[in-house]
Amino acid sequence: MFYSKLGLTTIKENPSDAEIISHQLMLRAGLIRKLSAGLYTWMPIGLRVLRKVENIVREEMNNAGAQELLMPAVQPSSLWEESGRWNEYGSLLLRIKDRHNRDYCFGPTHEEVITDIARKELRSHKQLPLNFYQIQTKFRDEIRPRFGVMRAREFLMKDAYSFHLDQDSLEQGYNLMHETYSKAFERMGLEFRVVDADSGEIGGNRSQEFHVIADSGEDAIAYCDEENYAANIELTPTLKSQAKIVKSKKRKEKKHTPNTKDIASLCKLLKVEPKDTVKTLLLKGEKKPIAVVLRGDHQLNIIKAAKISGISLPVTMADEKEIKKSTGYDFGYIGPIDLGLEIYYDHAVAEMPSLICGANEKDYHFVDANFSDDLGNPDTIDLRNAEVGDPSPNGRGKLSVARGIEVGHIFQLGTKYSQALKASVQDDSGKDVPLSMGCYGIGISRIVAAAIEQNHDESGIIWPENIAPYKVIIIPINMHKSKKVETAALDLYEFLKNQNIEVLFDDRKIRPGIQFADAELIGIPIRIVISEKGITNNQIEFRSRISQDSEMLSREEAIKRIIS
RNA sequence: CGGGGCGUAGCGCAGUCUGGUAGCGCACCACAAUGGGGUUGUGGGGGUCGUGAGUUCAAAUCUCGCCGCCCCGACCA
């Protein structure tokens, strides 16, 4: 392809609204252009990358025996009402009406549609197992779309759904997808990790996420290398300490602590660390608020809190007014002693030799309170987020934390949708059995951004070879001045094209500096420079985007290196 | 949704407080010089100042409405 035909414009300055590197580089390199919040046009170069990713996924899915189909992007409300998600899914669902005022949505996912297909098409266990997939544009009306295509509203996703007679078969199908995903991400040249995950609103049993490791990732992953344990931090259990607790001999004492509504100011006043304090959080409950008590430096884990019986979902903090109303006490000075509400304690609170807590009296805290003497040594539960250095849940080694970008998610759904939508087959005894289902997603468009997050330098993108828009870029130096350069460059271009090498030819009449800078920004893996000087010596310059080393090679050697 | 910010040329911004000919850098076009790392000079094209109403002799600038975009949002008890 000739560069001049791409309609490509690169940008030297960073657009002001791009926060993360992949978003900046995608805009600067002309891969995408924004139409509106969370809506992007894929420009020719960007689309080439998108298609590469898509095709790797498609090939691996096909290899695994999955069947591609294509479902409508727009779906009738009736199916969603049947599954119960028309209300459950909330405002992520983009609802639209047709001319007859009938309700539709732009599909954020396709469990309902595929289950509808299954119930209409599948009659016998002999048709199972099956895996259908599609690569389709989805729309989720995100609260806050951001980071370009990373969290866009409209995005391209591969979603697959498998159907099984029983759990055993589902597990086989699930494991096959696990393998398939690993192969696909390996082919894309991405460093990734598979982690245990929450199945969220899709529902179901087992679920794992595939994360591309990158500092800008939205999810924190806790992992233990010793035992190959990895889980989304939201889901990582924290353990009750087995160590013997040395309890402080001091007796609790009430201290005057004005203007210390938060942990930071309390610590400053008393000259202590947050880990010496506890915080008492009031969460909305079905009847009265429910108190949870955590060490001052720990963070409440919402998923864990959601399991407390009687709690209102989604988990929300009670506000100042509600606190006053339900306890009679003041915001900022709530503590577990004589609170008069149901209280849940995190494991770590029991391990504190003494603790500092609100005294349920404005401007007063207790210091040197004691878990057994003053709180009555209650049972504790797991309520907090795991942290770096916590013991690994498998009992061996300590946890580290990395950030990751979720690019794939596999679920064992079980029979949630097949029961709701009455999709069943007859087993070999003639009995109707609801289908066991798995579902498996890959964020195709997000992968493009994730790949950039993981592969870039100051000059621009460094594409892994298998997803690069072009493999080679030929840069002739001052071609318009030198017939020799033009002939040699075009000759090599034609040759490589005939070898089915994806090659970009920079035919622009501009200074070499700009050509080099653009080639690096766009991230083409191999750069070939053809110049008057080189031709005289029978040499051309070969340079890899990764190593940045230039080598002068003969035409034959260069071709060999490109093709290999 | 709550809080904050922004909307002026393709991009990045100044001008708004204090109303009076719409500017700068990059990009773009032409010419010339230069010719292996975003070169230089000269000349040029391009803007309903987000939008609607109001105030005024006069509005990018003041007032009100609307729209759009961006950032932050349990971690406070």
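Residues numbered from 1 in each chain as written. Chains lettered and ligands numbered in written order. Predicted model: local features only at pLDDT ≥ 70, side-chain atom pairs only at ≥ 80, totals over all residues. Heavy atoms only, no water.

Chemist: Please set out the overall build of chain A residue by residue, giving values where relevant.
Modeler: Secondary structure assignment for chain A yields 16 helices and 30 strands. Split into buried and exposed, the 564 residues of chain A put 51% on the buried side. Sequence separation of 24 or more characterises 68% of the internal contacts of chain A that already satisfy a separation of 6 or more. When the accessible surface of chain A is summed, it comes to about 26900 Å², and 48% of that surface belongs to carbon and sulfur atoms. The positive charge centre, built from 76 side chains, and the negative charge centre, built from 82, are 3 Å apart in chain A. (Helix = DSSP H or I, 4+ residues; strand = E, 2+ residues; numbered from the N terminus. Buried < 20%, exposed > 50% of the residue type's maximum accessible area, 1.4 Å probe, protein only. Contact = heavy atoms within 4.5 Å. Areas by Shrake-Rupley, 256 points an atom, 1.4 Å probe, with all protein chains shown as cover. Lys, Arg positive; Asp, Glu negative; His and termini not counted. Charge placed at Lys NZ, Arg CZ, Asp CG, Glu CD.)

Chemist: I'd like to hear about the protein's contact with RNA strand B, residue by residue, with values.
Modeler: Close to RNA strand B lie 46 residues, the nearest being Ile-263, Ile-323, Lys-481, Ser-531 and Glu-541. For RNA strand B, the backbone portion of the atoms within 4 Å of the protein, that is sugar and phosphate, comes to 41%. With respect to RNA strand B, the backbone of Ser-16 contributes an N or O atom lying 3.2 Å from a phosphate oxygen. With respect to RNA strand B, the backbone of Leu-300 contributes an N or O atom lying 2.4 Å from a base nitrogen. (Near = heavy atom within 4 Å. Polar contact = N/O pair within 3.5 Å; in protein donor to acceptor, adjacent residues only side chain to side chain.)

Chemist: Report on the packing of helix H2 (residues 44-63) against helix H6 (residues 167-187), specifying residues and quantitative values.
Modeler: Relative to each other, H2 and H6 sit at 145 degrees, their axes nearing to 9 Å. Judged by the twist between their axes, the crossing of H2 over H6 is right-handed. Taking contact as the criterion, the partners of Ile-56, Glu-59, Glu-60 and Met-61 in H2 are, on H6, Met-177, Thr-180, Tyr-181, Lys-183, Ala-184 and Arg-187. (Axes fitted to C-alpha atoms, helices over the stretch in contact; angles between N-to-C directions. Left-handed = near helix turned anticlockwise from the far one by under 90°.)

Chemist: Could you give an account of the sheet that holds strand S18 (residues 364-369), naming the residues involved and the relevant values?
Modeler: Here we have three strands laid out as an open sheet, ordered S13-S18-S17, and antiparallel in their pairing. Edge positions in the sheet fall to strand S13 (253-256) and strand S17 (355-361), since each has one partner strand and no second. The mean inter-strand angle of the sheet, taken between neighbouring strand axes irrespective of direction, is 35 degrees. (Pairing = 2+ DSSP bridges.)

Chemist: Can you lay out the packing of aromatic side chains for me, pointing to particular residues and giving the numbers?
Modeler: Tallied over the entire structure, the rule returns twelve aromatic pairs. Plain terms: the ring middles of Phe-2 and Phe-505 are 5.4 Å apart, the flat faces sit at 70 degrees to each other, and that makes the pair edge-to-face. Pair noted here: Phe-2 is in the segment before helix H1 (21-28) and Phe-505 is in strand S27 (residues 503-505), with a separation of 503 residues, a long-range link. Residue class for Phe-2 comes out partly exposed when judged on its relative accessible area of 26%. Through a chain of ring-to-ring contacts, the aromatic side chains of Tyr-181, Phe-185, Phe-192 and Phe-210 assemble into a single cluster. Here the basic side chain of Arg-527 rests over the ring of Phe-516, its NZ or CZ set 4.2 Å away from the ring centre. Taking NZ or CZ as reference, Arg-555 lies 5.4 Å from the ring centre of Phe-495, over its face. (Phe/Tyr/Trp six-rings, centres within 6.5 Å; stacked < 30°, edge-to-face > 60°. Lys NZ or Arg CZ within 6 Å of the ring centre and 35° of its normal.)

Chemist: Explain the pattern of salt bridges to me, and be specific about the residues and the numbers.
Modeler: According to the stated counting rule, one finds 38 salt bridges in the structure shown. For Lys-304, the salt bridge is made with Asp-382, and the minimal N-O distance between the two is 3.1 Å. Of this pair, Lys-304 sits in helix H8 (residues 302-305) while Asp-382 sits in the loop between strand S19 (380-381) and strand S20 (400-414), and the two are 78 residues apart along the sequence. With a closest N to O distance of 3.1 Å, Asp-390 and Arg-384 form a salt bridge. (Salt bridge = Lys/Arg side-chain N within 4 Å of Asp/Glu carboxyl O.)

Chemist: Can you lay out the environment of Arg-511 for me, pointing to particular residues and giving the numbers?
Modeler: Note that Arg-511 resides in the loop between S27 and helix H14 (512-522). Given a relative accessible area of 64%, Arg-511 falls into the exposed group. The spatial distance from the C-alpha of Arg-511 to the C-alpha of Asn-478 is 7.5 Å, given a sequence separation of 33 residues.

Chemist: How would you explain the sheet that holds strand S4 (residues 74-76) if you had to name every residue and give the values?
Modeler: Strand pairs in the sheet, formed through backbone hydrogen bonds, run parallel or antiparallel to each other. The strand order S4-S6-S5 describes an open sheet built from three strands, whose pairing is antiparallel. The open sheet has two edge strands, S4 and strand S5 (94-97), and neither has a second partner. Neighbour-to-neighbour, the strand axes of the sheet open up by a mean angle of 40 degrees, direction not taken into account. Strand direction decides the pairing type here: S5 and strand S6 (residues 103-106), joined by four bridges, are antiparallel. If you follow Ile-96 over to S6, its bridge partner there is Tyr-104.

Chemist: An account of the environment of Arg-403 is requested, with residue identities and associated values reported.
Modeler: Mapped onto the fold, Arg-403 is located in strand S20. C-alpha of Arg-403 to C-alpha of Ser-216: the two residues are 187 residues apart in sequence and 6.9 Å apart in space. In contact with Arg-403, not counting residues within four places along its chain, are Val-212, Ile-213, Ala-214, Asp-215, Gly-217, Glu-218, Asp-219, Ala-220 and Ile-221. Here the side chain of Arg-403 touches Gly-217 through a polar contact of 2.8 Å, landing on its backbone oxygen.

Chemist: Could you give me a rundown of the packing of helix H13 (residues 483-498) against helix H16 (residues 555-563), with the residues and numbers involved?
Modeler: Here H13 crosses H16 at 35 degrees, and the two axes come no closer than 12 Å. For the pair H13 and H16, the sense of crossing is right-handed. Contact with H13, carried on its side by Asp-491, Leu-492, Phe-495 and Leu-496, involves Arg-555, Ile-559 and Ile-562 of H16 and no other residues of that element. Its residues assigned to classes, the contact of H13 with H16 shows five nonpolar, no polar and two charged. (Nonpolar A, V, L, I, M, F, W, Y, C, P; charged D, E, K, R; others polar.)

Chemist: Pulling in residues and values, what's your account of the environment of Ala-423?
Modeler: Along the polypeptide, Ala-423 turns up in the loop between helix H11 (416-420) and strand S21 (424-426). C-alpha separation for the pair Ala-423 and Asp-297, spaced 126 residues apart in sequence, amounts to 49 Å. Not counting chain neighbours up to four residues away, the residues in contact with Ala-423 comprise Thr-115, Arg-119, Ser-418, Val-433, Pro-434 and Leu-435.

Chemist: Explain the side chain of Asn-232 to me, using residue names and the numbers behind them.
Modeler: Among the secondary structure elements, Asn-232 is positioned in strand S12 (residues 229-232). For Asn-232, a relative accessible area of 2% corresponds to the buried category. Residues within four places of Asn-232 in sequence aside, it is in contact with Val-195, Asp-196, Glu-209, His-211, Asp-219 and Ala-220.

Chemist: How would you summarise the pairing of strand S28 (residues 526-530) if you had to cite specific residues and measurements?
Modeler: Most of S28 sits out of view: five of its five residues are buried. Neither face of S28 is open: one carries Ile-526, Ile-528 and Ile-530, the other Arg-527 and Val-529, and all of them are buried. With five bridges connecting them, strand S26 (residues 472-476) and S28 associate as parallel partners. Residue pairing across strands places Ile-474 opposite Ile-528, the latter belonging to S28.

These results come straight from atomic positions and should not be treated as a statement about function.
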